[in-house]
Amino acid sequence: MEKIHSYNKNYLLLITFVSAMGGLLFGYDWVVIGGAKPFYEVFFGIENSPSLQGFVMGSAILGCLLGVTVTGMLADKYGRKPLMLLASVLFISSAVGTGACNSLNWFIFYRLWGGIGIGIASNLSPVYIAEVSPAKVRGRFVSINQLTIVLGILAAQIANMFIAETVTPGTDILSTWNGQMGWRWMFWA
């Protein structure tokens, strides 16, 4: 006879939603750069350098590779929760730094830095949720992480839409609010 354990559904939901914030931040950070791209490229003077544009766009993914690569080993050594807290610190410092910098090198550094947070969160959030969920509801709770990734993507698109001001064709983007500050607020949001 199988022994059925009871669990506190509200507490499990709370743990799941807090853990799934990693998914939300992953989705947001992954997509927000698309709305900022036309503005920061002009700001940093890379609008005519496709290879540099691609490297800047892909720098977060390089950081993500690093984060995912080391996460399993570090989680086994230090536990899931400390690394999830580290990922949140990486997300916050990356968002602040990316929006605040005036140098392309620092911009790339902060995108890499945030990518490490993405790698950690994308690896650990579903694992942690699966570990704390009872087997009979594990799939339902882990799927919340997937939902928050999509909500993060949606939030980035909405933030970009509300932050960016209309730029009249032919206007020098660098002289607009978007070209100086708008793209920064997209990362800070």
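Preceding this section is the structure that the text describes.
Not measured: the values here are computed from a predicted model.

Conventions we followed
- Residues numbered from 1 in each chain as written.
- Predicted model: local features only at pLDDT ≥ 70, side-chain atom pairs only at ≥ 80, totals over all residues.
- Heavy atoms only, no water.
- Phe/Tyr/Trp six-rings, centres within 6.5 Å; stacked < 30°, edge-to-face > 60°.
- Helix = DSSP H or I, 4+ residues; strand = E, 2+ residues; numbered from the N terminus.
- Buried < 20%, exposed > 50% of the residue type's maximum accessible area, 1.4 Å probe, protein only.
- Patch = residues over 30% accessible without salt bridge, like charges linked within 9 Å, V, L, I, M, F, W, Y side chains within 5 Å.
- Areas by Shrake-Rupley, 256 points an atom, 1.4 Å probe, with all protein chains shown as cover.
- Salt bridge = Lys/Arg side-chain N within 4 Å of Asp/Glu carboxyl O.
- Contact = heavy atoms within 4.5 Å.
- Core = buried A, V, L, I, M, F, W, Y, C linked by side-chain atoms within 4.5 Å.

K.L.:
Looking at this model, I keep getting lost on the packing of aromatic side chains. Mind explaining?
P.N.:
Each aromatic ring pair is described using two quantities: the centre-to-centre distance and the angle formed by the ring planes. Counting across every chain of the model gives 15 aromatic pairs. Ring geometry for phenylalanine 26 versus tryptophan 30: centroids 5.6 Å apart, planes at 20°, classification stacked. Of this pair, phenylalanine 26 and tryptophan 30 both sit in helix H1 (residues 9-44), separated by 4 residues, roughly a single helical turn. Residue class for tryptophan 30 comes out partly exposed when judged on its relative accessible area of 43%. A centroid spacing of 5.7 Å and a plane angle of 25° characterise the contact between phenylalanine 109 and tryptophan 113, whose relative ring orientation is stacked. Taken together, the residues phenylalanine 109 and tryptophan 113, both in helix H4 (residues 104-132) and 4 residues apart, mark about one turn of the helix. Owing to a relative accessible area of 32%, tryptophan 113 belongs among the partly exposed residues under this scheme.

K.L.:
Any chance you could explain a nonpolar patch on the surface here in plain terms?
P.N.:
The grouping of Trp30, Leu52, Phe55, Ile61, Leu62 and Leu65 at the surface amounts to a nonpolar patch, some 550 Å² of accessible area in total. Residue contributions to the nonpolar patch peak at 5 residues, all from helix H2 (residues 50-78). Along the chain, phenylalanine 55 falls in helix H2.

K.L.:
Is there a simple way to explain the pattern of salt bridges in this structure?
P.N.:
As a working rule, side chains carrying opposite charge can pair if their charged atoms are close by. Following the criterion strictly, the structure yields 4 salt bridges and no others. In this structure, lysine 37 and glutamate 41 form a salt bridge, with 2.7 Å as the shortest nitrogen-oxygen distance. With lysine 37 and glutamate 41 both in helix H1, this residue pair falls 4 residues apart, about one helical turn. Among the salt bridges present, the one from glutamate 131 reaches arginine 80, with a minimum N-O distance of 3.0 Å. With glutamate 131 in helix H4 and arginine 80 in helix H3 (residues 80-100), this residue pair connects regions lying 51 residues apart in the sequence. The partly exposed category is assigned to glutamate 131, whose relative accessible area is 45%. Via salt bridges that share partners, Asp76, Arg80 and Glu131 belong to a single interconnected network.

K.L.:
How should the environment of valine 32 be read in this particular structure?
P.N.:
Structurally, the position occupied by valine 32 is in helix H1. It is 21 Å that separates the C-alpha atoms of valine 32 and isoleucine 144, two residues lying 112 residues apart in sequence. The contacts of valine 32, once residues within four sequence positions are left out, are Ala156, Asn160, Met186 and Phe187.

K.L.:
How should I be thinking about the nonpolar core in this particular structure?
P.N.:
Nonpolar side chains in soluble globular proteins tend to be buried together. Counting residues in hydrophobic clusters, the biggest one holds 21 residues, and the most contacted among them are Tyr40, Phe44, Val56, Leu104, Phe107, Trp183 and Phe187. Of all the secondary-structure elements, those providing two or more residues to this core are H1, H4, helix H5 (138-163) and helix H6 (177-188). Ranked by residues supplied to this core, first place goes to H1 with 9 residues. If sequence neighbours within four positions are ignored, valine 56 has contacts with Ile33, Tyr40, Ile46, Leu104, Phe107 and Ile108. Counting residues in hydrophobic clusters, the runner-up holds 16 residues, among them Met84, Ile116, Leu124 and Tyr128.

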